[in-house]
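Coordinate inspection notes
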Amino acid sequence: MAGKKDLEKLRRRKRRKQRIIRTTMQIFIWTGAAILYYIGFSIFFDTPIEYEMKHSTDGLRREYTRLTERYDSLMMVLDNVATRDRSVFRTLFEADPYDSQTDNTAHNSSYEQLVNRSSRRLRHELRERIAQIEKQLIDLNNSYKQVQERIDIAGRNCDYIPSIQPVINNQLTLLTASYGMRYHPFYKTLQSHQGVDYTIPEGSSVFATADGVVSKVSRRNSTSGTTIVIDHGNGYETSYSHLSKTNVRKGQHIHRGDIIALSGNTGLSLSPHLHYEVRYNGIRVDPIHYFFMELSPSEYRRLMQIAQTGMQSFD
């Protein structure tokens, strides 16, 4: 009897051990199957969190593209307004002379810096830049409105401000000596040249650059040769020298664009040319800043570059 009981106990232990082994194997098999299923599902299908993140990224890309287009549009409008504002202030209202280097200054982030920034940060920075540009655009528009109001108040007084070239210079090639220190053709030294020289054939038409009254007509009695001086009022005067013939007399009222004389080679002159000056409150100023009625901003920049290259005056 004792032997049978021991044998039965041994069998029960063996069966229990087999069940444990089978259960353990089943657990490992089901766990492996679950892992393989999860891996396969994640490869072909997105989880809800991944799906939401991908769609959120797509939305950020679309919003970034939209904001970039808006930014480019605002920059174009801002450039146009800034160019218009500078042109008015720096010519009509005696602002600082144009600096050709200012427009060449740019402050752009490098590509590497942009790549390292998150989409959220880029969107935030772009929103801030657009807000700043919109504020600048509003300020520029307000400034332009103030300038326009001043122009409207001035009315016809604008006709008495020198604002065109005294000769026909459509190609901008006739200006050979500008305002500033220039090499004198006779004294062979650097001297202050307080006007501009146009190299033109003798007998070319010379135009009044604004409305006014002829205050002086001199005849070959100075180094300037035959000269006409026009008083435009508001502190402005213009002078035209080395003429061959005059078509006006002292005290005569003239209008902008009238032919007042023919160019020549009178006085102390190296070759036929016109020496033209603008005076404001008795002080000679650079005439190039007073050609705003016929020059676009690009033509003005080009004429400034031409003026800066010439060192030889003709008188």
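Scroll up a little and you will see the structure.
Comments concerning the overall build of the protein chain
Scanning the protein chain from N- to C-terminus turns up five helices and twelve strands. Across the 315 residues of the protein chain, 32% fall into the buried class. Sequence separation of 24 or more characterises 69% of the internal contacts of the protein chain that already satisfy a separation of 6 or more.

Looking at the packing of aromatic side chains
Pairs of aromatic rings are described using the distance from one ring centre to the other and the angle between the two planes. As enumerated under the stated definition, the model contains three aromatic pairs in all. Arranged with centres 4.6 Å apart and planes meeting at 40 degrees, the rings of Y236 and Y280 form a pair that is tilted. In this pair, Y236 is assigned in strand β8 (residues 236–246) and Y280 in strand β11 (residues 274–280), connecting sequence segments 44 residues apart. Y236 sits in the buried class, given a relative accessible area of 4%. Between Y236 and Y290, the ring centres sit 5.8 Å apart and the planes meet at 75 degrees, which makes this aromatic pair edge-to-face. Taken together, the positions of Y236 in strand β8 and Y290 in the loop between β12 (283–285) and α5 (297–309) put the pair 54 residues apart, joining distant regions of the chain. For the pair Y236 and Y290, a shared accessibility class is recorded, and that class is buried. Taken together, the aromatic side chains of Y236, Y280 and Y290 make up a single cluster linked through ring pairs.

Here's the deal with the environment of R129
By the element assignment, R129 lies in helix α4 (residues 119–154). Looking at R129, its side chain comes within polar contact range of the side chain of Y71, at 2.5 Å.

Concerning the pairing of β8
With respect to burial, β8 is a largely interior element, eight of its eleven residues being buried. Counted along the chain from strand β7 (residues 226–233) to the antiparallel partner β8, the turn is two residues long, and its residue N234 has a positive phi close to 55 degrees. As paired strands, β8 and β11 are joined by six bridges and run antiparallel to one another. The residue bridging T238 from the neighbouring strand is V278, located in β11. Pairing of β8 with strand β10 (residues 259–263) involves three bridges; the strand directions are antiparallel. Pairing of L243 across the sheet is with S263, part of β10.

Brief notes about the nonpolar core
Within the largest apolar cluster, 31 residues are counted, with the highest numbers of intra-cluster contacts made by Y198, I228, I230, Y240, I260, L274 and I288. Considering every element that reaches this core, the biggest residue donor is α5, with four residues. Apart from the residues lying within four places of it in its own chain, the contact partners of Y198 are Q165, P166, V167, N169, L174, L175, H273, L274 and F291. The next biggest cluster of nonpolar side chains, apart from the first, holds nine residues, and it includes L67, L126, I130 and L137.

So, how was this worked out
- Residues numbered from 1 in each chain as written.
- Predicted model: local features only at pLDDT ≥ 70, side-chain atom pairs only at ≥ 80, totals over all residues.
- Heavy atoms only, no water.
- Helix = DSSP H or I, 4+ residues; strand = E, 2+ residues; numbered from the N terminus.
- Buried < 20%, exposed > 50% of the residue type's maximum accessible area, 1.4 Å probe, protein only.
- Contact = heavy atoms within 4.5 Å.
- Phe/Tyr/Trp six-rings, centres within 6.5 Å; stacked < 30°, edge-to-face > 60°.
- Polar contact = N/O pair within 3.5 Å; in protein donor to acceptor, adjacent residues only side chain to side chain.
- Pairing = 2+ DSSP bridges.
- Core = buried A, V, L, I, M, F, W, Y, C linked by side-chain atoms within 4.5 Å.

Purely geometric stuff here, so don't read any function into it on its own.
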